[in-house]
Each structure stands twice: as C-alpha cells, then as structure tokens.
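Examination of the molecular architecture
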Number of protein chains: 4
Amino acid sequence: MHLTRAERLYPPTFLFCLFPNRFSAGKLLLTYKRTTIAVNTNLKPKLQPPLIIVNFKTYLEATGQRAVELAKQAERASKETGVYIAVAPQFVDIKAVAEAVDIPVYAQHIDPIKPGSNTGHVLVDAVKQAGAVGTLINHSERQMTLANIDAVIQLAKEHDLVSCLCTNNPTTSASAAYLCPDIISIEPPELIGTGVAVSKAQPEAVNNTIKLVRKVNDDAVILCGAGISHGEDVAVALKLGAHGVLVASGIVTAKNPYTVLREFADSATAKLPQ
Amino acid sequence: MHLTRAERLYPPTFLFCLFPNRFSAGKLLLTYKRTTIAVNTNLKPKLQPPLIIVNFKTYLEATGQRAVELAKQAERASKETGVYIAVAPQFVDIKAVAEAVDIPVYAQHIDPIKPGSNTGHVLVDAVKQAGAVGTLINHSERQMTLANIDAVIQLAKEHDLVSCLCTNNPTTSASAAYLCPDIISIEPPELIGTGVAVSKAQPEAVNNTIKLVRKVNDDAVILCGAGISHGEDVAVALKLGAHGVLVASGIVTAKNPYTVLREFADSATAKLPQ
Amino acid sequence: MHLTRAERLYPPTFLFCLFPNRFSAGKLLLTYKRTTIAVNTNLKPKLQPPLIIVNFKTYLEATGQRAVELAKQAERASKETGVYIAVAPQFVDIKAVAEAVDIPVYAQHIDPIKPGSNTGHVLVDAVKQAGAVGTLINHSERQMTLANIDAVIQLAKEHDLVSCLCTNNPTTSASAAYLCPDIISIEPPELIGTGVAVSKAQPEAVNNTIKLVRKVNDDAVILCGAGISHGEDVAVALKLGAHGVLVASGIVTAKNPYTVLREFADSATAKLPQ
Amino acid sequence: MHLTRAERLYPPTFLFCLFPNRFSAGKLLLTYKRTTIAVNTNLKPKLQPPLIIVNFKTYLEATGQRAVELAKQAERASKETGVYIAVAPQFVDIKAVAEAVDIPVYAQHIDPIKPGSNTGHVLVDAVKQAGAVGTLINHSERQMTLANIDAVIQLAKEHDLVSCLCTNNPTTSASAAYLCPDIISIEPPELIGTGVAVSKAQPEAVNNTIKLVRKVNDDAVILCGAGISHGEDVAVALKLGAHGVLVASGIVTAKNPYTVLREFADSATAKLPQ
C-alpha cells in the first residue's frame, strides 16, 4: 500500500530542487535539470502568474452538474482575462468537469498509495486518467503526515501532476519548500471561510513566508489561501509578492461566481504591471 | 461538518428496525413501517439474493476506462444469469461507470459530513448525483469510528442509498446489525486478497454471524467478503446461509473477469433451488 | 501490532454475554458462566451502584501532584458515603494516584496493541502494572474504530480490567452493548463540558438507551456521561434508571471538588432507597 | 484543544534558528540569541555527543518495574563511560523511571494540545511534571501531520523539553530541520526492528541527511535511528557524521542490556578521538 524504500529515498530531483539557482549557470547542470525534472517541465510554463485556484470543497453549489456549471464560469473568466484559473472539484466530479472545460482541473487530495488493495482511497492514476492535471495536498481540512506529504509530492511529479501543498504558517511553509512542491499555498486555518483575507489580516505572514521559502526554493509558486473574497484581497496578495490565490467560499457561495472571479482576475492583472 | 444532535439521536427507523417482525401483524404498524423506512423501500426489493458485489479497490485493472469495461462484463454476466451483480469503482470512476451500465453502482466509502468545508472528503450527495445507488461502509481498508458508522448509515438511508457495512468478526457483525445497515458483509481482514475464502476457512464464522445477526435484525442481507475466488466458494457461502459475496481481486485481477463472474453467478443460482 | 485472527474471533464470553439470563437456570450453564467470565468476576461485585467516575482529562487542575490531591478528595467522599467513586487520571499520573489512594483508578484509554513495537501507544499491561483496574474506551475525545473497540474490550477482559465504553446516542449504545463492556456511558458530545446534564437535557435519551441496552445485555452498568454538574443531575440520572455518572469538568474545575463530589454522592444515595 | 493562531505563527526562535551562524558575530544578535532560545539553553550543553537514546516502545521487557530496572542498567553504562544515555519509557512509567535514575528521561510522544478536554491524550505539562526532560516526536510508529509536528516542537521549547524529531528519509529530514527540533533522528521505517543498521545499510542516507540538514540548521543533533544492534553500528554512525543513535529492540530485548549498552558506549567513545 505504501511506497517502497527505494521509492522514498533519493528522489532524483531532490538535490537540484534545493539549489536550482546554483546549478543554472553550467551547461551540464542544465542538462541535469532537464533530465531530472522533465516530468513537470511541461506544466511549469503553464503556471504563469497570476494564478487563481478555486477549491470547490464539498459545497452543494459545486457538486455534480453545478460543479460543471461553476467550472464553465471559471473558464469564461479565464478566457476573457488571460488569467490562469484552475478548479478543484470533488473526486466524483473531476471527469465531468475536465471534459466540460479547457481550464486546468485539480484533485482536492490524493492518497500516498500504489495501485492495489486500498478500498475507499484516491489513486493518483485514477485522478489523472479522469483528467486532473494537478492536486491540492495537505489542505487544512485533509492534513497528512510529513512522510505522506513527501510521498504524494513524489507521486504527483512521477505522474506529471502539479502539486499544490497547503501549509498553515511561515515555519511549516519553509519546511514544506524543501519538499519541492510546484505550488505552496499558505492557509492559516483560523481564517478559512471567514471572509478575512490572509493577505490583509496577516500581511507579514505572507511576506515572511515568501522570504523564507525563497531561501531554499527559487521555483515554487506561492499562493495566499484563506479568506480571499474581494478583488482587493487579490491585489494585496500580489503586491506582497504572492503569485496568486487559493479561494473557496468566496467564489463557490457567491451569488454570481463569474462576476467575483472576473473581479479577482481583473484585479490581478491590473496590479501586475505596477 | 458533523451531524447535529437532532440528526444523530432518534433516527425514526430505529425501533422498527430492531424488531420488524413484531410489528408486521398490525395494520397500524405496517403503516408505521411504510412511513419510517420508506426511503429504502424501493431499494430493498432489488436486493434479491443471491448478490455479488465487485469491489474495484484501486486496482489499475479497474481504473478509468478499464473500470467501465469491467463493469460491462459484470453487466453481461448479470443480464445473462439474472443475478444481482453490483460494482464498486473508485470515486472518480463512479459517474462514467454508472452512465455505461445498467447494474447497480456503489461507492467504496462516504464520509460522515454535510455539504460545506470538507476539502478532500466524499459527500453523499456527490456520490448519489454521480449515479451511485449504494456504498460500502467501514471496509477493513477504510475503517471508521462507531459514531461515524452510525452517522453514515443514517446518511445513506436519508439519501436512499444501499448501505453495505463491512465487519471483521461475529461480535462486531452482531453489534453492527443494531445499526441497521441494509447489508452486512463479514470480512476477516486476514483473508482479504489471499484467495482463501472466508466461507471455507471459517465456515463457523459465517454461520455464527448469521445466527447472531438474526437475533437482532431480520432484514439485513448478509454477505461473505474475503478470499472468494471460485464458484464453489460462492456455493458454500450460500449453503451456510449467506445471501451472496463481496469480492475484489478474485474478479478484478482475473484474466477473464466475465468468465469468473459467470462461474460465480451460475454457482449461486444453481445452489439456490436446493 | 494488532490482534491475530484467533484472538479476535470467538471470544469465549461472547455467547453467554449476549443471553446471560437464558443460561442462568441450568447448572451446567452456570458453570460455563463462571468459567468464561471468571476474569471479571471479582470486579463485577465492586461495581455496586451508584457509581461516580471522575475523568481528569488533561486539566492542569488534575495533573501531576494535583491529580493525587484530587484523587484524595474523591477517596474521602467515597469513604464517607460508601459510594463507588473511581478516578481516571492521565497516563503519566496513574501510578502515583493508584499508590496514593484506595479507590479504583481507571486509564482514559488503551490502545488495541500487543507488547512490542508501538512507540507512543498505551499498552494494557503497562496501565495495569501501574495500578489501574479499569479503562475508559472510545471517549468522544478519543474515538476508535468498531474493530478496535471490540479488540480493546477483549484486552480489558483478558487483563481483568473494567471496561467503560463511551457512546454518543441510543443507537450506538445498543450496538455497543453487544460488545459486552462492563460499563456503557452515554455521552452526547454536544453536551460535554456545557454544564447541561444529559439526564436533564435528554432524559428520553437516557431512558431509551437503558431499554435498548437491556434488550441485549442484562449485565452492563449504565452511566450518564455529559454535563453532570449538580447533585440533582445525579439524582435525575438514577431516577431514569442509570447506575451512576461519568463526570469531568463539574468536579475537576470546581472550586472545591470534595464538596461537589460529596453533593453528588449524597444525592446518589439519598435517591436510591426511594 | 489546538494552539491559537498567535501561538503557531511567529515563534520567536524561528529566524535565529534558521541562520544561527550568521548571527553569532554581532553582540546585539548574541543578546537576541540568549533571549529567544533561552528556554533550551540549559539543555543544549547536556546534549554532548555521542548520544544514545533507548526507546522502550511497548516491550514487556521494558514495562513497569522492568522499565525501572532497564533504566538503571542504562544509568550504570552512562556513569561508567560518561556517554549521554537517555531512556524513553512508556507514559505510565515516566515518573517511576525518572525518580529511580539520574539519566535523562524522554516521553515517546506528546500531543499538540493545551490543558483541558482531551481525554486519552498526552499533555506536555503532565509529561514534564512526571520528570521527562525531552520527547520523541513523529516516530514512524506514531506519525503526525506537518502542522502538529511544528506545534509540538514549539510546545517542547516552551516547556524546556528536548525535542527529538524522527524522520524517514533525507528529504523529510531536511524539511524537518527547518522546524528547529533539538535532535533529528533518521529512521527508515523499513529497517526498524530488523537488526540491519541504517548506518550500514544506507550509509549514503546518513551522509546525505547530515549534509542537507546542515545547509539550513547548524545546531540540530543528528542521530541514526533504525536497526542499531552492535557496537560497530554505533561506530559507523559516528564516522559518517552522526552524533549518536536512537535504539530500541537492540537494547530492550537483549539478554543483557547493560552489556550491549556498554558495548555501544565504548564503541562510541573509542571512535570519537579519531
């Protein structure tokens, strides 16, 4: 059910990931880079900031056919503004959503398992075959052990999925940066669902996190992930150095999700040129 | 996130469920019966023994398009023999499978949650909207607390889903019978995936379980759920008083799943008239 | 780490436990009874109602030396009134408390493990050697799977410990009765720590539970376990048919725990003769 | 039950911990250092390599009175050789062991909780009052989420306990180094209890880990933690750059634990001068 020793130890991308900037000058090392993280090479360019990821959680407003409709609104806002907007529907809705829209679809979680006897668990292959191109990991509502976070990030890399690791404070974010996820989303659990944006309530947390993460990881995209509900929250987040936002109720339970997403996207692009 | 007090206490079907046979003579009580367990009334007649439920677990042979193909083979065996054959694919495959076949589709698990903030969890509404008509509960690979088993069985009833509760020995099976699931599947974890059928390795366990369960619950369908790999296993299970089998690797990893399912179904129907 | 198949299946006390009253007439069966539940025979007479069990939880007021002092106050109240008062301190305090007082000491939890490689877990042998004579099981703050509850009750029996199983509503209480714990304590999680006694807020729950439990289990002692804070709560609980109370903050955080315990014990004994 | 936002964010020791060597030249910063990590200042000098920590797990050979006796043998080996030998008994045995010996006593785990309603959990205050001076964290047999590891390390610091964080591979060890535990013990779960020492089976893992951890954390003591069973294993571990070993069955189930501990300690001190 779990990964073998050989699969856990010595991930090939490890050393590079820790010190990518030191390797970038040499040609040989660039080759090394291409080889080792080739799996996600195609995904990386697509993660063009600003990013907005909409977590559907288990809201009825984002379940079944309504998940498809919400994803279409996200697609419309994305196409009109050029902003990367991804959606993370429930497991059962991934396939229908992925078939209905052209924007990236993420899973909300995958389990650290291999194919076989894991009744009721979420297999990376199944999620991928259903059309997901990424996954949230360690959301505060679905936390994992350190060893499992590491294992799932490796699974995501091996299956060419974007890994979006959620963390709860600057310390754990810096710690997580060492595990080389593609995206780190800082989500103080106290603010989730409150409508108070982390980028406003804890601007220093966002700032600290970015600085600390950058000490060890030059590549990770950094998102703010709690309480985002106004376009202004997005603008503040970007001004503080984040590359985007992870948002849930602010969009999902809005009367008109398209309008709010449009406001987010406009705010994001308006701030960028500054 | 969890059920309220009012939702947990006093489930309306409770008293009836415990002593249904004592209520069956009186007209008034029959009315009571119709009211209280109306939700599952439509499902019950469909649970006509013998039953075969195929748990796809997270086998690659039963993931994505291969899940759909496997379900079609189950559908063929069911239509040819008239035996109730249900399939339990992974969450992400429920919708595609349910759209492709006419046999019952079960989820492998649902979480004891209500709509809202439950990232990475499995909502009963989502599973149902995707086309599932039932769910496994408390499989040995996805065990739950006693309070959560109770809550999920209630959720299944309220959403008109068949609840198939897995237990690991006679004691817990009898205990579980009090929670009034539609199906109880005895699954000694030691035999799962071994190819040694519970109905042969532990015939007394099957027998004991049935007797004990019947002391408190006249309605529950009883399945044997571990190591079933030959038609003979199915026949023995039925002879011991079970109503069918819950099977996984015996079908999923077979070279020709249809052939084995056909063997199972033929064996099941051959034994019934005796 | 877990119990073997042989240890889980066929617990010797099982059949008797389910139907003790049907076995009591025959001499042979009485012998059977003596043999099979001999382990707890010595404990049962000590469980003389009314019972008061004080759960110390992890309150600082009941940690370390203060745990010993609190236990001494419980001992004083017990000796003065003759009421069975037991205390359930934290794991690390069991030994010191058990050495300091003559009243029964319970663990707050034990794990379903056997001796060996279980770092950070709670072994029944260790708890017993430290002086505990019983254990809480499945408290709402430390819930267990159905299989583990069953395993721990068996472990308790084998080690001659009183098993006090906590449940959250009438349904799960009746289900739990089948697992044959010595004590069943109904604890609706919504009332814990509120000061609203289950025996007053949900008298019908207490009543239902007792009736349902008695259908399958004639022996189990039944306690009310949430919100008990006044002598009157204890009297009401006993009047409804409970044998006592499981109490925590009502005693532990009281200005004068002895006074409150004395009130509880007096109320319990005053009501009994009626 | 969990820590508040203010307690999780902005731990005062954080920035210093990440870059202690860069702060050491300036007087002001030294002052800062003294202030912020004062709590553990007294402990740090005591963590003089080589270190041997004996994890008693839940072995019967190390339960109750036998835990005290085993600790006395460890104390004798420590006093005779001058090597730092600590013992980590079960929760219930901490107090008796701490009262019986003069060597450091560790808990095997503490929970990320504050005083209050946490039945069956392990409170840092209780462990400390019982005499523990440190705690294992995240042992492979008792894993925690990333957020909880962070919270427990902070709890340990605040309560002046040595934090010994167990990790399973180089990646997670480096990640963990950012959380600033006092000790990092690398424990590939595949080797635990096998008698195959990590320092011999995976010397490169030990080496990698040390290098990676040192990139971000100059202070943490590093132990090898799996399969250590011979004096030679200890010598190899130290030669590879580790500061000592975390050992369990190699000592606990030995016929003569004192002899083996003596061998370990002699081997450790013999190698150091080289």
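Just so you know, these numbers come straight off a predicted model, no measurement behind them. (Residues numbered from 1 in each chain as written. Chains lettered and ligands numbered in written order. Predicted model: local features only at pLDDT ≥ 70, side-chain atom pairs only at ≥ 80, totals over all residues. Heavy atoms only, no water.)

Let's talk about the overall build of chain A
Scanning chain A from terminus to terminus reveals 15 helices and eight strands. Within chain A, the fraction of its 274 residues that count as buried is 65%. Here the contacts in chain A between residues at least 6 apart in sequence split such that 68% fall between residues at least 24 apart. Within the structure as shown, chain A displays about 9400 Å² of accessible surface, and the carbon and sulfur contribution to it stands at 54%. (Helix = DSSP H or I, 4+ residues; strand = E, 2+ residues; numbered from the N terminus. Buried < 20%, exposed > 50% of the residue type's maximum accessible area, 1.4 Å probe, protein only. Contact = heavy atoms within 4.5 Å. Areas by Shrake-Rupley, 256 points an atom, 1.4 Å probe, with all protein chains shown as cover.)

Notes on the environment of Lys57(C)
Residues and elements named next belong to chain C. Mapped onto the secondary structure, Lys 57 falls in the loop between β1 (51-55) and α6 (65-81). Given the relative accessible area of 3%, Lys 57 is considered buried. Sequence separation between Lys 57 and Thr 145 is 88 residues, and the spatial gap between their C-alpha atoms is 21 Å. Looking at Lys 57, its side chain comes within polar contact range of the side chain of Glu 141, at 2.9 Å. (Polar contact = N/O pair within 3.5 Å; in protein donor to acceptor, adjacent residues only side chain to side chain.)

Points about the pattern of salt bridges
Pairing between side chains of opposite charge can happen when the charged atoms of each approach one another. In total, this model carries 28 salt bridges over all chains according to the counting rule given. Among the salt bridges present, the one from Glu80(A) reaches Arg262(A), with a minimum N-O distance of 2.9 Å. Of the two residues, Glu80(A) is situated in helix α6 (residues 65-81) and Arg262(A) in helix α15 (residues 257-271); the sequence distance between them amounts to 182 residues. A relative accessible area of 40% places Glu80(A) in the partly exposed class. The class for Arg262(A) is partly exposed, based on a relative accessible area of 25%. One salt bridge in this structure joins Lys57(B) and Glu141(B), with 2.9 Å as the shortest N-O distance. (Salt bridge = Lys/Arg side-chain N within 4 Å of Asp/Glu carboxyl O.)

Quick look at the interface of chain A and chain B
One widely used convention gives an interface's size as the accessible area the parts lose upon coming together. Taken together, the 36 residues of chain A in the interface contact 36 residues of chain B. Summing the contributions of chain A and of chain B, the shared interface buries around 2900 Å²; its carbon and sulfur component is 59%. The three residues of chain A that bury the most area against chain B are Thr58(A), Val92(A) and Thr119(A), which together make up 25% of that side's buried surface. Counting across the chain A and chain B interface gives zero salt bridges. At the boundary of chain A and chain B, one finds 16 residue pairs in polar contact (both at pLDDT 80 or more). Taken together, the elements giving at least two residues each to the side of chain A that touches chain B come down to α7 (94-100) and α8 (124-129) of chain A. At four residues, α8(A) tops the list of elements feeding residues into the side of chain A that touches chain B. Looking at side-chain class alone, the side of chain A that touches chain B contains 14 nonpolar, 16 polar and six charged residues. (Buried area = accessible area lost by both parts, 1.4 Å probe. Nonpolar A, V, L, I, M, F, W, Y, C, P; charged D, E, K, R; others polar.)

Overview of the relation of the copies chain A and chain B
In the superposition of chain A on chain B (RMSD 0.0 Å, axial shift 0.0 Å), the rotation amounts to 180°. Look at the turn and shift together and you get a two-fold axis relating the two. The position closest to the rotation axis in chain A is occupied by the C-alpha of Val92(A), lying 2.2 Å away. Most of the interface of chain A is mirrored in chain B, where 100% of its interface residues are also at the interface. (Least-squares fit on C-alpha atoms with pLDDT ≥ 70 in both.)

Some details on the confidence of the model for chain A
Residue and element names in this part refer to chain A. Averaged over every residue, the pLDDT of chain A is 82; residues scoring 70 or more account for 81%. Predicted confidence is poor over residues 1-41, with pLDDT under 50, and the contacts of this stretch with residues over four places away or in other chains come to 76 contacts. At the level of chain-chain contacts, confidence expressed as ipTM amounts to 0.84, with global pTM at 0.86. (pLDDT = per-residue confidence, 0-100.)

Considering the packing of helix α10 (residues 170-177) of chain B against helix α9 (residues 146-158) of chain C
Any two packed helices are characterised by how steeply their axes cross, that is the angle between the axes, and by the distance between the axes. Packing of α10(B) against α9(C) leaves a shortest axis separation of 10 Å and a crossing angle of 125°. Here α10(B) is positioned oblique relative to α9(C), judged by the angle of their axes. Note that α10(B) runs across α9(C); the crossing there is right-handed. Here Thr171(B), Thr172(B), Ser175(B) and Ala176(B) of α10(B) lie close against α9(C), whose contacting residues are Leu146(C), Ala147(C) and Asp150(C). Counted by class, the contact of α10(B) with α9(C) contains three nonpolar, three polar and one charged residues. (Axes fitted to C-alpha atoms, helices over the stretch in contact; angles between N-to-C directions. Parallel < 35°, antiparallel > 145°, perpendicular 65-115°, else oblique. Left-handed = near helix turned anticlockwise from the far one by under 90°.)

What about the sheet that holds strand β5 (residues 162-167) of chain D?
All names here are of chain D. Spatially, β2-β1-β8-β7-β6-β5-β4-β3 is the arrangement adopted by the eight strands of the open sheet, whose pairing is parallel. Each edge of the sheet is formed by a strand with only one pairing partner; in this case those strands are β2 (84-88) and β3 (106-107). Inspection of the sheet shows β3 paired to strand β4 (residues 134-137) by two bridges, in the parallel sense. The residue of β4 that forms the bridge with Tyr 106 is Gly 134. (Pairing = 2+ DSSP bridges.)

Concerning helix α9 (residues 146-158) of chain A
All names here are of chain A. Between its first and last C-alpha atoms α9 spans 19 Å; for 13 residues at 1.5 Å apiece the expected length is 18 Å, and the two agree. Of all 13 residues that make up α9, 12 are buried, and the element is covered over most of its length. The first or second residue beyond α9 is Asp 160, which carries a positive phi of 60°. (Expected span 1.5 Å × (residues − 1).)

Quick word on unusual backbone geometry
In this model, Pro49(A) is joined to Pro50(A) through a cis peptide bond whose omega is -5°. Checked against the element boundaries, Pro50(A) lands in the loop between α5 (38-41) and β1 (51-55). Even without glycine at this site, Asn138(A) takes up a positive phi of about 65°. Along the polypeptide, Asn138(A) turns up in the loop between β4 (134-137) and α9. You will see that Cys180(B), though not glycine, has its phi angle at about 60°, which is positive.

Looking at the sheet that holds strand β6 (residues 183-186) of chain C
All names here are of chain C. Taken in spatial order, the eight strands make up an open sheet running β2-β1-β8-β7-β6-β5-β4-β3, and their pairing is parallel. Strands at the two margins of the open sheet, each flanked by one partner only, are β2 (84-88) and β3 (106-107). Contacting β5 (162-167) and β6, helix α10 (residues 170-177) runs over the sheet at an angle of about 170° to β6.

Quick notes on α6(C)
All names here are of chain C. Between the first and last C-alpha of α6 there are 25 Å, a value that for 17 residues agrees with the 24 Å anticipated at 1.5 Å per step. Here α6 has its buried residues at Ala 67, Val 68, Leu 70, Ala 71, Ala 74, Glu 75, Ala 77, Ser 78 and Thr 81. Where α6 terminates, the next one or two residues include Gly 82, which has phi positive at roughly 80°.

So, the side chain of Thr145(C)
Positionally, Thr145(C) belongs in the loop between β4 (134-137) and α9. Given a relative accessible area of 15%, Thr145(C) falls into the buried group. One polar contact links Thr145(C) to Gln143(B), side chain to side chain, over a distance of 3.5 Å.

Section: the packing of aromatic side chains
Counting across every chain of the model gives four aromatic pairs over all chains. Pairing Phe91(A) with Phe91(B) gives two aromatic rings, centres 6.1 Å apart and planes at 15°, and the pair type is stacked. With Phe91(A) in the loop between β2 (84-88) and α7 and Phe91(B) in the loop between β2 (84-88) and α7 (94-100), this residue pair bridges two chains. Of note, Arg76(B) hangs over the ring of Tyr258(B), and the distance from its end group to the ring centre comes to 3.7 Å. (Phe/Tyr/Trp six-rings, centres within 6.5 Å; stacked < 30°, edge-to-face > 60°. Lys NZ or Arg CZ within 6 Å of the ring centre and 35° of its normal.)

Describing the pairing of β5(C)
Residues and elements named next belong to chain C. Burial within β5 is extensive, with six of its six residues counted as buried. Looking at chain direction, β4 and β5 are connected through four bridges and run parallel. The partner of Thr 135 across the bridge, within β5, is Ser 163. Handedness of the β-α-β unit built from β4, α9 and β5 comes out right-handed. Both β5 and β6 contribute to a ladder of four bridges, which runs parallel. Looking at β6, one finds that Cys 164 is bridged to Ile 183. Tracing the backbone out of β5, into α10 and back to the parallel element β6 gives a crossover that is right-handed. (Right-handed = clockwise from strand over helix to strand, strands pointing away.)

Looking at the side chain of Glu75(A)
Residue and element names in this part refer to chain A. By secondary structure assignment, the location of Glu 75 is in helix α6. A distance of 2.7 Å separates the side chain of Glu 75 from the backbone nitrogen of Asp 102, its partner in a polar contact. When sequence neighbours within four positions are dropped, the list of residues in contact with Glu 75 reads Ala 100, Val 101, Asp 102 and Ile 103.

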